[in-house]
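# An overview of the molecular structure
As a plain string of letters, each chain reads:
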Amino acid sequence: MQRLNLTRAVRYSLFSARRAAVLAGAVLASASVLVPAAAQEAPTEVEEVVVTGSRLTDPNLTQSSPVATVTSEQVELRQANFVEEFIREIPGVVPSIGAQVNNGNGGSTFINLRGLGSNRNITLLNGTRVVPADLQGRTNLDIIPIALVERTDVLTGGAGSTYGADAISGVVNFITRQNFEGFDLRVTGARTAEGDGDTLRIDLTTGGNFDGGRGNAVFSVGYTDREAILQGDRDFGVENLSSATGAPGGSSTTVPTVLTFPGSGGTVQVAPDGESVIPFYQPFNFNPFNLFQLPLEQYRLYGSARYELDSGIEMYTEAFYSQSTNRTQIAPSGTFRNVFTTPLSNPFLPAGIRNQICGADSDAATDGIQPNFSQAECDAAALATDPDDPNYRTIDLDYGRRFVELGTRDNERQTRVWQLKAGARGDLVSNLSWDAFFAYGESDLRGSQSGNGTRTRLQQALLATDPNACLDPSGGCVPIDLFGPLGSITNQVGAFLDVGNTANQFTTLLQGQALVSGDVNTSMPWAESPIGFAVGAEYRDYEAGFANDLLTQTPGEVLGNGAAAPNVTGSYDVREVFTEVNVPLVQGAAFAEEVSLQAGARLSNYSTTGDESTWKVGGTWSPVGGLQIRGNLQRVTRAPNINELFAPQVTGLNNFATDPCTGNAPLENEDLRQICLAQGAPLGTIGSIIVDPAGQVNATTGGNPNLDAEDADTWTVGMVLQPDFAPNLALTLDYYNIEVSDAITNPNPGDVFAACFGPDFEDGTLAISGASASDPACTGIRRNPATGNLFGDVSTTAGLPLVLSNQGALATSGIDVSVNWQGDLGFARVSNSFNGNWTQESVFNANVDNPDSIDRDCTGFYSINCASIQPEFSFSNRATLSFDGMDRPVDVSVFWRWIDAVEAEPEVADTFLEEFREIDAENYIDLTARVQLTQRLQLTGAVLNVFDNLPTIVGNNIGTTAFNSGNIYPSTYDPLGRRFSITVRHTF
């Protein structure tokens, strides 16, 4: 079948196709490809170059937007088993939720381009959206069939007019191998130098042409098994370290039990003798139970086919299926400062502690916290085991007891994802073609949790007045001893408490698109190439939701589960028309080898936010051969996703290590005291409010059905140099600038505190700068009604209001550079690929309408306010020597990745230990060797992190839990150490 503009393509031949790829900013392959002839893809005639970021299909097209490309060659040398492993190493990409994230991982892996959020980019497979994994519209990268990926294009800086909403920071497009013929079996095994974390990946791909080459079919099946690595398996992760002091720290939910008595925030702990309570002395070290590598087992299927009918129309299909089981594991559950009614005749309540509760002791730890029981009443209540007895007394106690005896909290997630695409394409006339497709996909995640326990059952067990029987025996109730030492909670108690709970999630995506593209068979007077265009229409329908059991939906019911997950279902659809044009203005003139203009526009109608429009305009100018100047300006919109619109308000956990209401500050400052009381702190707790030793704080978040779309202005300007005197050298240099207005964002905890207490809230004596007890910014913060703390029972302590709004603003800018060179040394061929990034700024403002709101620039900084680390400078470089003249061709490749030094955010740095306030620049070196043993058999071996570089310790609460865990930042800095990998590849 004659393809679009093929007659014109012949004039430019292979050189134009190669030049178009380079001028699009592609990173060329960094080493020679050793693939036996029998397994190579079938040779094809020169066809159009499909460039990510454009709907135009023209072999002469050069792009005004920079695109970085990671080839299958680079992935093989990297020995990557998952897409995330090489995507997050691209300079300028900020690590998102991945395999090293344990607490906060929902069973999927995402990408965060430019640090603007994983919900502001799109994942494509062969130019088509992939069904999302969650209600935020994000795609799980783990499902991409990595063995079939020919190249990965990463376009950053906006692509909304080409691909629609969500493309504010760009798109990632995975291009699979086409027209594959033969048989390809790959088996990869990997292990750390510590002898753990084994990973096995097997991929079998087969395909071939049929009916005289009119058709081709490819089928691939894959399996991956990755084993867990505990934080306790690495020396730097064994002990939970306080970022403030450097001393062993941890959670106030611990063993022995921590208690808070009525009317006071005073935190005491059962003494080692078990007969009294003394000031809190032993936090719980949760580190060893958490993970540095999540286990995963995955099965994959992928198939594609095409067939050309007699009419010249080509039918095509593509389908994939992925079934994954992964598990997150966190420290044992417990009663995380929940308040429970407890009889003074509880059989496990020691007499000494009961007397302290009643006020018989004058121990300093319990001064002023008596519940107004006389000693006689207390003694009588200790013997009153029947609730109908007039001497029966109860007291509401705030408990912090870790159920270590019952093991870890495990969340196993089984995810099934599938998507089917079917379409047809053909030529209308010699210079016009059409393409139309339909695609539908579903993602279903079924999560089962164990090891948690329920609040209702724990209360039932605590009301016991007999050590062998509960007052309410329903459900097989077993009395629980929360006052005893480690070992006092039996397996029978665990069986009663832990009934298991489930949390399920589903998403669907229906999409269809029709496109006409080609040229108008007319060129500008000073150009030879015709004006190209594309025009089309697109429809998408999203649906997603949670469907959970009653326990999971009830706030505070599942112990240690954080936020509840109420049932929610939402949907929206969008209808769009789009157009794109490429106008060659001048070709072959003096100081204007090529001048072209590109423009595009997309009109969208969302069922939720109404009409939105995006546009782009860009151009390229080649004053002389081998040099191109390029620029691009875009207006991009992003409509709110299902989670942002429909998620109900729930209270869960966030991170913060400072509270102005703690200590003596509110006793010394009456205005501050009134603010703390207005936030719900009981009067008796003033002076004894504490910060959670684990650095956590309750926070209430949720969707907002009144959200509007956010807008972004993005522009890039750069150059591409491929000089004639060095034909094997290609250099690209691009400046980017992205500004998001009306951004859909949550304020971070620091912004909420600053809005109430002023910018100097870290110091209690300065915490009243403009603050008022009646200010909604202050009263919106809700404290624990029993302790005054900002942590505890999520059903009663709303904590910080982190509500979504359109009041935020985001901005980032910087420079990308790539240098690629290949040469012949005589005894070997050499290639080198360098990619670097300088991030000038990465700014977030929670509320641009508030003149006191902070422009928070997290470039080169880390803190609770800054999420994942974004260094100012970073680069990667791969150098490869290829020895082709040997009996067994060999490639030797070295990959060097450098991350600039970063430091604690200045606004909060003084809060933390000085030695934890900086992370030095980091270098990682990988070494790979590949040898062609026979025509059909290839062996690749790699040592990753050759010098076994260990991550810098910064303590466990200097950043957010999702990215600062195990005393380090495991998504940014390698927690696994030196690793070995070997791949055997058999082809024919």
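Everything discussed here concerns the structure shown above.
For the structure given in this document, a descriptive report is provided here.

What counts, and at which threshold
- Residues numbered from 1 in each chain as written.
- Predicted model: local features only at pLDDT ≥ 70, side-chain atom pairs only at ≥ 80, totals over all residues.
- Heavy atoms only, no water.
- Helix = DSSP H or I, 4+ residues; strand = E, 2+ residues; numbered from the N terminus.
- Rg over C-alpha atoms; globule rule 2.2 N^0.38 Å.
- Contact = heavy atoms within 4.5 Å.
- Areas by Shrake-Rupley, 256 points an atom, 1.4 Å probe, with all protein chains shown as cover.
- Lys, Arg positive; Asp, Glu negative; His and termini not counted.
- Charge placed at Lys NZ, Arg CZ, Asp CG, Glu CD.
- 1 Å grid on protein atoms, 1.4 Å probe; cavity = no way out; pocket = protein on both sides within 12 Å on 5 of 7 lines; lining within 4 Å.
- Points joined across faces, edges and corners; volume = space filled by probe spheres on them.
- Nonpolar A, V, L, I, M, F, W, Y, C, P; charged D, E, K, R; others polar.
- Core = buried A, V, L, I, M, F, W, Y, C linked by side-chain atoms within 4.5 Å.
- Buried < 20%, exposed > 50% of the residue type's maximum accessible area, 1.4 Å probe, protein only.
- Axes fitted to C-alpha atoms, helices over the stretch in contact; angles between N-to-C directions.
- Parallel < 35°, antiparallel > 145°, perpendicular 65-115°, else oblique.
- Left-handed = near helix turned anticlockwise from the far one by under 90°.

### Comments concerning the overall build of the chain
- Within the chain, the regular secondary structure consists of 15 helices and 43 strands.
- Since a compact globule built from 988 residues should have a radius of gyration of about 30 Å, the 31 Å found for the chain is in line with a globular shape.
- Across its three principal directions, the C-alpha atoms of the chain cover 105 × 60 × 50 Å.
- Of the contacts made within the chain by residues no fewer than 6 positions apart, 73% connect residues no fewer than 24 positions apart.
- Total accessible area on the chain is roughly 35400 Å²; 56% of this is exposed by carbon and sulfur atoms.
- Both charge centroids of the chain, one from 57 positive and one from 113 negative side chains, sit 8 Å from each other.

### Some thoughts on empty space enclosed by the protein
- Summed over all chains, the structure comprises 19 cavities of 30 Å³ or more.
- Volume-wise, the second largest cavity comes out at about 660 Å³.
- Taken together, 47 residues form the lining of the second largest cavity, with Arg-78, Glu-85, Arg-88, Glu-89 and Arg-897 sitting closest to its centre.
- Taken together, the elements giving at least two residues each to the lining of the second largest cavity come down to α3 (83–87), β2 (93–94), β8 (182–192), β34 (829–845), β37 (873–883), β38 (890–899), β41 (922–932) and β43 (979–987).
- Here the lining of the second largest cavity gets 4 residues from one element, more than from any other, and that element is β38.
- Classifying every residue of the lining of the second largest cavity by side-chain character gives 20 nonpolar, 16 polar and 11 charged.

### Digging into the nonpolar core
- Among the nonpolar cores identified, the biggest contains 38 residues, and Val-83, Phe-86, Ile-87, Ile-111, Val-172, Phe-174 and Phe-320 are the most heavily contacted of them.
- Within the residue set of this core, elements represented by two or more residues are α3, β6 (149–156), β7 (170–176), β23 (532–548) and β24 (568–589).
- Each residue touching Ile-87, except ones within four places of it in the same chain, is listed here: Val-93, Ile-111, Thr-152, Val-154 and Val-172.
- Residues Ile-357, Cys-470, Cys-477 and Ile-480 belong to the second largest nonpolar core, which totals 31 residues.

### Quick look at the packing of helix α5 (residues 351–358) against helix α6 (residues 375–383)
- At a minimum axis separation of 10 Å, α5 and α6 run at an interaxial angle of 140°. Taken together, the axes of α5 and α6 lie oblique to each other. Handedness of the crossing formed by α5 with α6: right-handed. On α6, the residues touching Arg-354, Asn-355 and Cys-358 of α5 are Gln-375, Cys-378, Asp-379 and Ala-382.
- Residues belonging to the contact of α5 with α6 are distributed by class as follows: 3 nonpolar, 2 polar and 2 charged.

Function cannot be read off these values alone, since they describe shape.
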